[in-house]
Structure formats: C-alpha cells, structure tokens
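Commentary on secondary and tertiary structure
Listed below are the residues making up each chain.
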Amino acid sequence: MIPRGVPPRIRVSHGEAVNGPPSEAKPNVLLVTELFPPAVGGSAVLYENVYSRLSDLNVHVLTDPASSPVAAGAVGPFQVSHLGLATPHWGLMNPTGLGHHWGVASEIRRRARTLDAQVHCGRALPEGIAAWIARRRGGAHYLCWAHGEDLATANTSRELTFVMARVYGAAAGVLANSHNTARTLEELGVAADKIRVAHPGVDSKRFHPDVDGSAIRARHVQPGELMLLSVGRLQRRKGQDVTIEAVARLSDRYPNLRVVIVGGGEEEARLRALAGELGVADRVDFAGKIPDEELPAYYAACDLFLMPNRQDGADIEGFGIVFLEAQATAKPVIAGRSGGAPEAVAEGTTALLVGGDDADELAAAIASLAGSEELRLRFGQAGRRRAAEEFTWEHTART
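The residue numbers shown here count from 1 along each chain, following its written sequence. In keeping with the model being predicted, local features are shown solely for residues with a pLDDT of at least 70 and side-chain atom pairs are shown and tallied solely at 80 or more, while totals for entire chains, interfaces and linings include all residues. Each side-chain value is derived from all of the structure's non-hydrogen atoms; neither hydrogens nor water enter the calculation.

What to know about the overall build of the chain
Rules: Helix and strand assignments come from DSSP, with helices taken as H or I runs of at least 4 residues and strands as E runs of at least 2, each series counted from the N terminus. Here the globule rule reads 2.2 Å times residues to the power 0.38, and the radius of gyration is calculated from C-alpha atoms. Exposure classes here rest on a 1.4 Å probe applied to the protein chains alone. A residue is buried below 20% of its type maximum, exposed above 50%, and partly exposed in between. Should any heavy atoms of two residues lie within 4.5 Å, those residues are counted as being in contact. Residue burial considers only the protein chains on display, and all accessible areas are found by Shrake-Rupley using a 1.4 Å probe. His is not counted, nor are the chain ends, whereas Lys and Arg count as positive and Asp and Glu as negative. One atom stands in for each charge, and that atom is NZ of Lys, CZ of Arg, CG of Asp or CD of Glu.
The number of helices and strands found in the chain is 15 helices and 16 strands. Taken against the 2.2 N^0.38 rule, which gives 21 Å for 399 residues, the C-alpha radius of gyration of the chain at 22 Å falls within 12% of a compact globule. Expressed along its principal axes, the backbone C-alpha trace of the chain runs to roughly 65 × 45 × 40 Å. Counting all 399 residues of the chain, 57% fall into the buried class. Intrachain contacts of the chain at a sequence separation of at least 6 include 70% that bridge at least 24 residues. Total accessible area on the chain stands at roughly 16,400 Å², and carbon and sulfur atoms take up 50% of it. Seen as two clouds, the 42 positive and the 47 negative side-chain charges of the chain have centres 6 Å apart.

Written out as structure tokens, the structure is:
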C-alpha cells in the first residue's frame, strides 16, 4: 500500500526495508485519524480492516477519544493512544485553528520520532495539516488518504483548497479510495505517479448469502411483500428522499413494496414528513441506527438494495462500502451514477445505475428488478462472485 514515488526510507515490503538489509523488527506506522471504530462511517471501517491486515507492520493509532471512543492501549493488533484531533477550524487563517494544528503537529513529530514510524493520515483535513506542518519542521514523511467527499467539501473554500493542495503535494504518497477520487486529486495538481487507488473491500465471510435474515424480515415486512433496503446516514446525497418518491410512484403497480431505511441523521424529520405527504408512510420503515452485529441480517432479509446517491453541493459519495456489502450477500443493487459509486458495482451485471435526482428513472429501475425474480437472482449471484473475488480487504491491503 505504498504509492510510487515514496522515499525509500519509508517504503516497506514484507517487513523489511527496501533499501537496506532484512530486519527482524517490524517497521512502525503511526496512523493519525479522528475517525476509528467504534466511530461510524466508511473511512473508519476502511482503516480498521486495512491496517489490521498489514501483519508486517506495527500499527499505532492516534485518534480522538470524543469522535472515536475506543479504549487506549492494545486493541486487537493496534496500539491505540488518544489526542484531541477534532477542530472546527480546518484552515490556518484562524489563530485558534493554527494553534491547534501546531500543537497536533508537535505531538505527531514527537511520536513518529520516538517510534521511528511512517505517518499515515486519515484525511488531508484536519489530520494531514498537522502532518504537513510536522514535516516542514523536520518531521517524518507522511502518506495521506483521500475519500472523495473530503475533497469536495474542502473545495468549497479557497483557503481550504489551497491548504489541501499543499498537504497532498508535500505527501510522500496519496491513497485514493476510487479512480474518481484520483481524478479529483489530479485536478487539484497532485502528480499522478504519487497517487495509488485502493478500493475499499468487504468481509465476504461476514456478509454472505447464508446469513439468516428471517427475524429481520419478520420484523419489517409481511408475507408476499418485497423488501427494499437502504443503509446509510440520512443525508441528501444518499437519496433516501428520491427512494420514497419512487415508491410512491409505484404504489398502484406494486402495492407490495416496502422500504426499510437503516441509519440516522439530520434528514430524518424531512423524510418522515415526505413519506406522509406522499401517502406511503405505511410502506416506509425507519429502522434507525441498528447494532452493528445485525447489519448482515438486514442485507440477507432484503430483496434488493438501493442507494441512489447524488452530489449535493460539495457532498459526494466517494465510493460506497454498502454496495459491496449488499453484493457480498448476493443482493441486486441500484446505485447512483455520482462519485465513486459506479466503481463499487458492475452496471448491468450486478447493479442498475440511476441519476440520484430522478424519481421516475429510479422507479423504472425498481420495477425492472421487482418484476423479475430471475433478474434479481442473476444480479445477486454475479454480485457475490464479484465482491468475494475482487473486493476483499486482503486485496485492498496488498494494493
């Protein structure tokens, strides 16, 4: 997982330095990330699954205890320590923000030197700013992840765009979660040979067709109903509102459709009101935040998975691990054409792609799958093969 162009002193392969003799001691990595499990979100899942599989490295996680309330000390294969990384001031023009970044930079520089560690940053902002400052003060080289939505958010501000470009430009390497994200990085001025695409993966042993979803199905749908599942934070870019509108358009033709929406967020009140206004409140179940251990059973319970994502201002879907989880469970998928989502599915083979603002197009896609059990089965079987063979976390870790 080391992009081309990384200085030899931090390039590591199979536990030995590339530019030196084999070493019995494992190299150290200092992963600096505000978000780490049990924090919810795709990036937190990515870090845990990728870095836990880098068995030739000692991974030290520096995270924010308020954002990620994980215990300090030995946690699985990680050594976890705490530092206040979160800040509302991502730029450098605000004195409070600058002071925060300077303090975090000093701590990163000290810890990396003590550990003789590579530094990996979960994002350019805010974690990467501190690593950049530390590097300018003689600290360690650093790698930086890019997830897509973080780039789009930073691009809403001239200051943040300027700072982000400097952070990525000074990084020894950049890890992008999709080719779409990589293209955005190149548009920002990051050299192509510094970027490596590392698609997220899925645990196909946890998410698989033999998971028993009967209890979840009995909780949400009646016999003979088709269960449509959406999983994700309730926010505009996830397209739950368009999903509700599409189901309303199909209410006469397919009265047996029921949507189960898993997740919480700022859009919940608006979505509930929308379902009521459209007369489908009895067909939309808001499951809320569910225990993580129940998630595979929700996928197993559904007949098809959908998240018609779209770009909402600066907010964009960088990839979409949920699409892989659904495919690994052998479920057909409907995804949006926006961001990195098209890379998470195979259009026409495992999924249908739609515009996330067009309820009629989404309704047509739902109808094509709802009306054909054979198509759902074919898409599901192809999705299982694709997820289990091409998108394992082991493959991501080797990238």
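Topic: unusual backbone geometry
Of all residues except glycine, most have a negative phi; of all peptide bonds, most are trans. In the segment running from P37 into P38, the intervening peptide bond is cis, with an omega of 20°. Mapped onto the secondary structure, P38 falls in the loop between strand 3 (28–32) and helix 1 (42–51). Along the chain, L125 connects to P126 via a cis peptide bond; the corresponding omega equals 5°. Within the fold, P126 resides in helix 3 (residues 124–136).

A few points about the packing of helix 13 (residues 359–370) against helix 14 (residues 373–390)
Put simply, the rule is: Orientation is described by axes fitted as lines to C-alpha atoms, over the contacting stretch for helices, and by angles from 0 to 180 degrees between their N-to-C directions. Any angle from 65 to 115 degrees is called roughly perpendicular, while one under 35 is roughly parallel, one over 145 is roughly antiparallel, and all others are oblique.
Between helix 13 and helix 14, the shortest axis-to-axis distance is 6 Å and the interhelical angle comes to 95°. In terms of orientation, helix 13 and helix 14 fall into the roughly perpendicular class. Contact residues: S368, L369 and A370 in helix 13; L375, R376 and F379 in helix 14.

Brief notes about the pattern of salt bridges
Rules: When a carboxyl oxygen of Asp or Glu is within 4 Å of a side-chain nitrogen of Lys or Arg, the pair counts as a salt bridge.
For the coordinates displayed, the defined rule picks out 24 salt bridges. Across the pair E107 and R111 runs a salt bridge whose closest N-O atoms are separated by 2.7 Å. Placement of the pair is E107 and R111 together in helix 2 (residues 95–115), with a separation of four residues, close to one helical turn. Salt-bridge contacts for R237 lead to D315; the nearest nitrogen and oxygen are separated by 2.7 Å. Of this pair, R237 sits in the loop between strand 11 (226–231) and helix 8 (240–249) while D315 is found in the loop between strand 14 (304–307) and helix 11 (321–328), placing the two residues 78 residues apart along the sequence. By the burial criterion, R237 is buried, and D315 matches it. Sharing partners across several salt bridges, the network here consists of R236, D241, E267, R270, R310, D312 and D357.

A closer look at the packing of helix 2 against helix 3
Each packed pair of helices is defined by two parameters, the angle between the axes and the distance between the axes. Under the convention used in this document: It is the rotation of the near helix from the far one that decides the hand of a crossing: anticlockwise by less than a right angle makes it left-handed, clockwise makes it right-handed. Here the nonpolar group is Ala, Val, Leu, Ile, Met, Phe, Trp, Tyr, Cys and Pro; Asp, Glu, Lys and Arg are the charged ones; every other residue, Gly included, is treated as polar.
At a minimum axis separation of 8 Å, helix 2 and helix 3 run at an interaxial angle of 65°. By the angle between their axes, helix 2 is roughly perpendicular relative to helix 3. Considering the relative orientation of helix 2 and helix 3, their crossing is right-handed. Taken together, the residues of helix 3 that come into contact with helix 2 (itself represented by H101, W102, V104, A105, I108 and R109) are P126, E127, I129, A130, A131, I133 and A134. When grouped by side-chain class, the residues that make up the contact of helix 2 with helix 3 number ten nonpolar, one polar and two charged.

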